[in-house]
Amino acid sequence: MRVPLGPVIGRYPPSTGTDGQLDGIIRRDRKCRDVGFLLFFIAFLVAMIVNTSFGFNRGNPLRLTYGLDYKGNICGDKHGNPDLHGLEVRYWVNPNQIYQSGLKNSQFKLKDARSICLKNCPVASEDTLTWVCDYPEGDIRLSINEWVHRNYDYFDYLTPEMRNASLQLQGPCYPVLFPTVNVFWSCQFIARPLNMSLRQWQLMGGVAIYEDILIDKSIHKSINSRSSVFKRYVADIGKAWPVVVVCGGIVPLLFSIMWLLMIRHFVSTMTWITVFFFNVLIISVSMFYYLKAGWIGNDAVSPIIGKHDPYYHLSGREQTHLHAVAALMTVIMVISILSSIAIVRRILMATSVLKVAAKVIGEVHALIVFPLIPYILLATFYLIWFSSGVYIFSSGQVVQNNCMSNCCSYDLGSKGLNCDNCCGYSLHYSPHIWVAVVFHLFGCYWVTQFFIACSSTVIAGSVASYYWARVEPLQEIPLLLVFSSMKRLMRYNLGSLAIGSLIVSLVELSQYILKPIRRKLKVISARPQNRFGKVAAFSSQCSLTCIEWMIKSVNRNAYIMIAIKGESFFTASAIATELIRTNILRIGKVNVIGDVILFLGKLCVSLSSVIFAFLMLDTHRFRSAHNKISSPLFPVLVCWAIGYVIATLFFSVVEVSIDTFILSFCQDSEGHQGNAQFAPPLLLETLNDQNEMQRLTH
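Predicted, not measured: the structure shown is a model, and the values here were computed from it.

Notes on the side chain of S101
Turning to step 1, where the next piece is worked out: Here S101 shows up in helix α4 (residues 95-102).
Turning to step 2, where the next piece is worked out: Note on S101: relative accessible area 12%, which makes it buried.
Turning to step 3, where the next piece is worked out: Side chain to side chain, S101 and S218 meet in a polar contact 3.0 Å long.
Turning to step 4, where the next piece is worked out: Excluding residues that lie within four positions of it along the chain, S101 makes contacts with F108, K109, L110 and S218.

Structure below.
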């Protein structure tokens, strides 16, 4: 049975108080709603603060970029023992241990091989044998600076006992036999040992050296492990923070305002301009990925840091990821171009919808300025969130491994061989750290959705007040009206927005949780004559996507009902759902057409951020020395995501205003036999075409 829609927004004319405020339709006598969810959200924010303090206290971003030495120090850490400031390159001193770690059934791992922190990778001499010795201590009375100036070599200071141990590859000095190159702050062995150095080593009575290519592969495998690559990706965000600030924060702000102004002044051609620039930008971004993947030009990402022989060509997992993204962008580019051709007629229909947006922007000047408030708050939150996120991810504990191997090394402190404590060190992540990381990520998404919901509700309340006012429409919405909407939100309905944004966040989280299940279904579907796996994999993806779209759509209209009636979230959702159901032909067509163009506009803003991010990351600062990023993939992705969020904040001025006007117009028409009495001239002028009026009111 159909529910009467009179109470939804108000079938009858409102009563106006002496202060000119609306008492009938825009409810003023409100109550605090969903207080329990608000308290839960506040408790969640407190937990995020505690989680952040844990990261700042336990984390060290150096762990994401640099390796550990034989004492458990982080290379480059000035608080290490000894002071390793400026010594960022990790070098494995014993080639036989590296070879042993690469054997198939060996229990000895590369993380247990003896490594040391140096300023640069050592250079094997072609005419003499050079050495890399342990940090000076005990009888070796040299400072770290003197040790560095001697090229890490104090072999001539050693006693006969120490020299004999060094010839057995037990330290404290180790021969430099292999040429190496700095690959992401680890010295990668790249060739066989030099003949002259190896001959001198053999003449001195040194033990046999394994010359197998397995030495190169063992280090390469460690540097390109999934955990190492992901750590570098997270570290890239910290290194590229100026790019994130400029291209993720400032650039989308400017382009969002520019896009809104262009809608105001060039509404007739704005749909075509948006589609054209979207295709240009998607092609440009694809070309940048082609360049970085090495498909065109000579600007592919390189894992080598610093100057090196141009004949050395090393590839890493980062380049493989860029190849995959470049292929994905090719598919998206082709689909985008074909879709643009297919929706030419729809583009013509969208022009009439954007006229409403142009009228709204022309009348609602105060609302154009309003998104700066959530923008500043959200930007502050992101700055704290990203900095604390790097610390949380690097908050593992450095522990000594239990390598269970027979190895000995000379200890300068105890002046003898130590065979009990020669295992290496590694960074250990306990399960609660991964829980903290997931909690931090979920918190970011929930807070982002909450700010977007607050912004949409304030806009909806202001526009609805403007629509249902009995007085003549003003030239612009006064700031007092916007702040009045903000006051109602802050006082009564924050809990409703907390639960609405939480539902959207949980749906997004469920998609990531179900990804492993979908992968298994894809594996099952790949088997011959297995239709169930194919149907299950496809239907699960489609179902979650549809549910997410429906929830976001219902939430947006629920926020409008909350702004107008001040009801709780679930009550407002029920009202909005009923209104949409009974007016699906009126609202659906307008919303779908308008949302497509607004979605393309958001993508134009975020893709512009990507273009500027690529250009900034291509400068010398981010291609050399300490600020060199492993790949532009993560910084660019972060700039795109933040740019899209910022565009959503500003485009909601148009998006929510249209939704509020259309919902109010439909209810106004129903309450007055098809003649909207409260519609302002800006809406009537846009909808004066008789066919459009019939489509909205029947």
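Let's talk about the pairing of strand β6 (residues 186-189)
Turning to step 1, where the next piece is worked out: By the alternation rule, side chains of β6 split into S186 and Q188 and C187 and F189, which are all buried.
Turning to step 2, where the next piece is worked out: Relative to β6, strand β5 (residues 180-183) runs antiparallel, the two sharing four bridges. In the sheet register, V183 faces β6, and the bridge partner there is S186.
Turning to step 3, where the next piece is worked out: Hairpin connection of β5 to β6: two residues between the antiparallel strands, including F184 at a positive phi of 50°.

Side note on the packing of helix α9 (residues 226-239) against helix α15 (residues 372-393)
Turning to step 1, where the next piece is worked out: The contact between α9 and α15 brings their axes to 10 Å, and the two run at 155°. Considered as vectors, α9 and α15 are oriented roughly antiparallel to each other. Handedness of the crossing formed by α9 with α15: left-handed. Between α9 and α15, the contacting residues are F230, K231, V234 and I237 on the first element and F386, V390 and F393 on the second.
Turning to step 2, where the next piece is worked out: In terms of residue class, the contact of α9 with α15 is built from six nonpolar, no polar and one charged.

Section: the state of the cysteines
Here, disulfide denotes a covalent bond that connects the sulfur atoms of two cysteines.
Turning to step 1, where the next piece is worked out: What the rule picks out here adds up to three disulfides.
Turning to step 2, where the next piece is worked out: Each sulfur of the disulfide joining C75 and C117 lies 2.0 Å from the other. Where C75 bonds to C117 through sulfur, the torsion about that S-S bond is close to -80°, and the disulfide is left-handed. Of this pair, C75 sits in the loop between α3 (62-65) and β1 (89-92) while C117 is found in strand β2 (residues 115-118), placing the two residues 42 residues apart along the sequence. The same class applies to C75 and to C117, which are both buried.
Turning to step 3, where the next piece is worked out: At a sulfur-sulfur separation of 2.2 Å, the disulfide partner of C121 is C187. Taking the sign of the S-S torsion, about -110° here, the bridge from C121 to C187 comes out left-handed. Of this pair, C121 sits in the loop between β2 and β3 (130-133) while C187 is found in strand β6, placing the two residues 66 residues apart along the sequence. Taken as a pair, C121 and C187 share a single burial class, namely buried.
Turning to step 4, where the next piece is worked out: With no disulfide partner, C639 has as its closest neighbouring cysteine sulfur the one in C247, 5.2 Å distant.

Topic: the confidence of the model for the protein
Turning to step 1, where the next piece is worked out: Mean pLDDT over the protein stands at 80; residues scoring 70 or higher make up 78%.
Turning to step 2, where the next piece is worked out: Throughout residues 470-476 the model reports pLDDT below 50, and contacts reaching past four residues in sequence, or to other chains, amount to 14 contacts.
Turning to step 3, where the next piece is worked out: Contacts from residues 689-698, a stretch scored under 50 in pLDDT, to residues over four places away or in other chains number 18 contacts.

With respect to the packing of aromatic side chains
The way to describe two aromatic rings as a pair is by their centre distance and the angle between their planes.
Turning to step 1, where the next piece is worked out: Scanning all chains against the criterion turns up 38 aromatic pairs.
Turning to step 2, where the next piece is worked out: Aromatic pair F393 and W434: ring centres 5.9 Å apart, planes at 75°, arrangement edge-to-face. Residue F393 is found in helix α15, and its partner W434 is found in helix α16 (residues 431-467); the two are separated by 41 residues along the sequence.
Turning to step 3, where the next piece is worked out: Judged by relative accessible area, F393 falls into the buried class, the value being 7%.
Turning to step 4, where the next piece is worked out: Residue W434 is classed as partly exposed on the basis of its relative accessible area of 40%.

Structural notes on the nonpolar core
Turning to step 1, where the next piece is worked out: Counting 113 residues, the largest nonpolar core has V243, Y289, F381, Y382, L497, M561 and F650 as the members making the most contacts within it.
Turning to step 2, where the next piece is worked out: With 19 residues, the top contributor of residues to this core is helix α21 (residues 633-671).
Turning to step 3, where the next piece is worked out: Dropping the residues within four chain positions of it, L497 is found in contact with F450, A453, C454, T457, L489, Y559 and I562.
Turning to step 4, where the next piece is worked out: Within the second largest apolar cluster, 61 residues are counted, among which are L84, A124, I219 and L412.

As for the packing of helix α10 (residues 241-265) against helix α11 (residues 267-293)
Turning to step 1, where the next piece is worked out: It is at 6 Å that the axes of α10 and α11 come closest, and there the two elements cross at 135°. By the angle between their directions, the pair α10 and α11 is classed as oblique. Here α10 contributes W259, M262, I263 and H265 to the contact with α11, which in turn contributes V267, M270, I273 and T274.
Turning to step 2, where the next piece is worked out: Its residues placed into classes, the contact of α10 with α11 shows six nonpolar, two polar and no charged.

Some remarks on the environment of W147
Turning to step 1, where the next piece is worked out: When you line up the elements, W147 lands in helix α5 (residues 144-149).
Turning to step 2, where the next piece is worked out: Residue classification places W147 among the buried positions, given a relative accessible area of 0%.
Turning to step 3, where the next piece is worked out: Once the C-alpha coordinates of W147 and V132 are considered, the two residues, 15 residues apart in sequence, prove to be 9.8 Å apart.
Turning to step 4, where the next piece is worked out: Look past the residues within four positions of W147 in its chain and what remains in contact with it is L87, I116, C117, L118, C133, D134, Y135, P136, Y152, D153 and Y154.

Procedures and definitions
- Throughout this description, residue numbers start from 1 for each chain and increase along the sequence as written.
- At least 70 in pLDDT is required for a residue's local features to be given in this predicted model, at least 80 for side-chain atom pairs to be given and counted, and no such filter applies to totals for whole chains, interfaces and linings, which use all residues.
- Heavy atoms throughout the structure, all of them, feed into the side-chain values; hydrogens and water do not.
- A run of H or I in DSSP counts as a helix once it spans at least four residues, and a run of E counts as a strand once it spans at least two, with each numbered from the N terminus.
- Relative accessibility thresholds used throughout: buried, under 20% of the residue-type maximum; exposed, over 50%; partly exposed, between the two (1.4 Å probe, protein chains only).
- We call two N or O atoms a polar contact when they sit within 3.5 Å, provided that within protein one can donate a hydrogen and the other can accept it, with sequence-adjacent residues counted only if both atoms are side-chain atoms.
- Whether two residues are in contact is decided by their heavy atoms, any of which lying within 4.5 Å being enough.
- Here, strands pair whenever DSSP counts at least two bridges between them.
- Geometry is summarised by axes, namely lines fitted to C-alpha atoms with helices restricted to the contacting stretch, and by angles between N-to-C directions that run from 0 to 180 degrees.
- Each angle gets one of four labels, with under 35 degrees taken as roughly parallel, over 145 as roughly antiparallel, 65 to 115 as roughly perpendicular, and the rest as oblique.
- In a left-handed crossing the near helix is turned counterclockwise from the far helix by less than a right angle, and in a right-handed crossing that turn is clockwise.
- Residue polarity is assigned by list, with Asp, Glu, Lys and Arg as charged and Ala, Val, Leu, Ile, Met, Phe, Trp, Tyr, Cys and Pro as nonpolar; anything else, Gly included, falls into the polar class.
- Count a disulfide wherever a pair of cysteine sulfur atoms falls within 2.5 Å.
- A residue's pLDDT is the predictor's confidence in that residue, given on a scale from 0 to 100.
- In summary, the pairing rule links any two rings of Phe, Tyr or Trp, Trp by its six-membered ring, whose centres are within 6.5 Å, and it sorts them by plane angle into stacked for under 30 degrees, edge-to-face for over 60 and tilted for everything else.
- Joining through side-chain atoms within 4.5 Å is the link that ties buried Ala, Val, Leu, Ile, Met, Phe, Trp, Tyr and Cys residues into a set, and such a set is a nonpolar core.

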